[in-house]
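# What the coordinates show
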Amino acid sequence: MTSQITLTHYVFLSAALFSLGLFAVLTRRNAILVLMGIELILNAANINFIAFSRFGGMNLDGQAAAIFVIILAAAEAAVALAIVLNIYQRFRTVNVDDINKLKE
Amino acid sequence: MELFDIIFWLFALITLGSAVVVVFSRNIIYSAFSLLFTFFGVAGVYVLLGADFIAVTQILVYVGGILVLLVFGVMLTNKVVDVDMKTGTLQVLPAAMVVALTAGTLCGIFYVTDWRLIPSENVLPTTAGALGEMMMTSYLLPFEVASIVLLVALVGAAMIARKERKQA
């Protein structure tokens, strides 16, 4: 392959995406933005899986792992949004700082 | 610089640029919509890596499913009509330090490590068939477990979201 793009480029891209997602999770107060950060982190992990699958001799095991990550991300988003909607109906806010009671 | 490299940089730019908007935008609607471009950019990176099936799955599941769910969440939890949808941030400085530390560690590891690469000139023309075969042979048990997890999670999500509304 004459292309200049190597594995390192992909893993650095994924590291940058992971860091952005982590920053969103740590700083945003809106629960839905925290979820968006988690999606960014999962995408970063998937880029790593597929990059290593590509540069490890086109081994499809990494792609299979990426499929499972996507499945679990879908399940996680559905459950988390159901919980967030419930929290909003009870507390009238989705600010993660204000949600500090397990029970009213 | 060849065309492949230019396309890689283009997709990397789209992905990271829109991810920056997701993270730093004050308006949650802007964040939700730039997440769309992030997912498309990541799908493009998957195509460059020869993972065509994953790229299509990414668009179907993330853009068609998760993003729609997130936008629904935004619409249902913010008073769209009367309140501005701005969201605050907190503890930016400590978080920035933690993130810088993590990113530095990751990049350091990625830079220093000498990965064992197996060069493969022949990218498979399509991966869907081989992946499907793997799902039915070596990954059969995880595949079935994942399907049960997905079923239980979605039924549970429907239950959680519905029960409370009846009480209210």
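All of these numbers come straight from a predicted model, not from anything done at the bench. (Residues numbered from 1 in each chain as written. Chains lettered and ligands numbered in written order. Predicted model: local features only at pLDDT ≥ 70, side-chain atom pairs only at ≥ 80, totals over all residues.)

## Quick look at the overall build of chain A
Along chain A, the regular secondary structure elements total three helices and zero strands. N-terminal to C-terminal, the α/β element order of chain A is α-α-α. Taking 13 Å as the expected radius of gyration for a compact globule of 104 residues, we find that chain A reaches 18 Å, considerably beyond that expectation. With respect to the three principal axes, the spread of C-alpha positions in chain A is 60 × 25 × 15 Å. Counting the 104 residues in chain A, one finds 52% classified as buried. In chain A, of all internal contacts separated by at least 6 residues, the share reaching a separation of at least 24 is 44%. (Helix = DSSP H or I, 4+ residues; strand = E, 2+ residues; numbered from the N terminus. Rg over C-alpha atoms; globule rule 2.2 N^0.38 Å. Buried ≥ 20, exposed ≤ 12 C-beta atoms within 10 Å, placed from the backbone. Contact = placed C-beta atoms within 7 Å.)

## Things to note about the overall build of chain B
The helix and strand inventory of chain B stands at six helices and zero strands. When the helices and strands of chain B are read in sequence order from the N terminus, they spell out α-α-α-α-α-α. Across the 168 residues in chain B, those meeting the buried criterion constitute 26%. Partitioning the contacts of chain B with sequence separation of at least 6, the portion at a separation of at least 24 is 55%.

## Digging into the environment of B:Met75
All names here are of chain B. Relative to the helices and strands, Met75 is located in helix H3 (residues 52-77). Judged by the 13 C-beta atoms lying within 10 Å of it, Met75 is partly exposed. Residues Met75 and Thr126, 51 residues apart in the sequence, show an inter-C-alpha distance of 38 Å.

## Remarks on the interface of chain A and chain B
Note on interface size: it is often stated as the accessible area lost on association of the parts. Each side of the interface is counted separately: chain A has 64 residues, and chain B has 73 residues. Elements with a contribution of two residues or more to the side of chain A that touches chain B: helix H1 (7-27), helix H2 (31-55) and helix H3 (61-91) of chain A. No other element matches H3(A), which puts 21 residues into the side of chain A that touches chain B. Split into classes, the residues belonging to the side of chain A that touches chain B amount to 45 nonpolar, 14 polar and five charged. (Nonpolar A, V, L, I, M, F, W, Y, C, P; charged D, E, K, R; others polar.)

## Looking at the packing of H1(A) against helix H1 (residues 3-24) of chain B
It is the contact of H1(A) with H1(B), at a shortest axis distance of 9 Å, that shows an interaxial angle of 10 degrees. Here H1(A) is positioned roughly parallel relative to H1(B), judged by the angle of their axes. Of H1(B), the residues touching H1(A) (which contributes A:His9, A:Leu13, A:Ala16, A:Leu17, A:Leu20, A:Phe23 and A:Ala24) are B:Phe8, B:Ala12, B:Thr15, B:Leu16, B:Ala19, B:Val20, B:Val22 and B:Val23. (Axes fitted to C-alpha atoms, helices over the stretch in contact; angles between N-to-C directions. Parallel < 35°, antiparallel > 145°, perpendicular 65-115°, else oblique.)

## Comments concerning the nonpolar core
Counting residues in hydrophobic clusters, the biggest one holds 67 residues, and the most contacted among them are A:Ile32, A:Met36, A:Leu40, A:Ile47, A:Ile50 and B:Tyr46. Among the elements of the structure, H1, H2 and H3 of chain A together with H1, helix H2 (28-48), H3 and helix H6 (140-167) of chain B are those that each provide at least two residues to this core. If you tally residues by element for this core, the top one is H2(A), at 14 residues. For A:Ile32, the contacting residues outside a window of four places in its chain are A:Val84, A:Val94, B:Ile28, B:Leu70, B:Gly73, B:Val74 and B:Thr77. (Core = buried A, V, L, I, M, F, W, Y, C linked by C-beta atoms within 7 Å.)

## Concerning the confidence of the model for chain B
Detailed reading of the predicted model is not advised wherever pLDDT is low. Mean pLDDT over chain B stands at 85; residues scoring 70 or higher make up 88%. Confidence estimates for the predicted assembly give a pTM of 0.88 and an ipTM of 0.89. (pLDDT = per-residue confidence, 0-100.)

## Focus on the packing of H2(B) against H3(B)
Residues and elements named next belong to chain B. Their axes nearest at 8 Å, the elements H2 and H3 cross at an angle of 175 degrees. With respect to each other, H2 and H3 are oriented roughly antiparallel. Here H2 contributes Ile28, Ile29, Ala32, Leu35, Leu36, Phe39, Phe40, Val42, Ala43, Tyr46 and Val47 to the contact with H3, which in turn contributes Asp52, Ile54, Ala55, Gln58, Ile59, Tyr62, Val63, Leu67, Leu70, Val71 and Val74. Here the residues of the contact of H2 with H3 are counted per class, giving 20 nonpolar, one polar and one charged.

## Here's the deal with the environment of B:Ile118
With respect to the secondary-structure elements, B:Ile118 resides in the loop between helix H4 (92-112) and helix H5 (128-136). Accessibility expressed as a C-beta count within 10 Å gives 10 for B:Ile118, which makes it exposed. In the structure, B:Ile118 is positioned 100 residues away from B:Ser18 in sequence and 32 Å away in space, judged by C-alpha atoms. If we ignore the near neighbours within four places in the chain, the residues touching B:Ile118 are A:Gly56 and A:Gly57.

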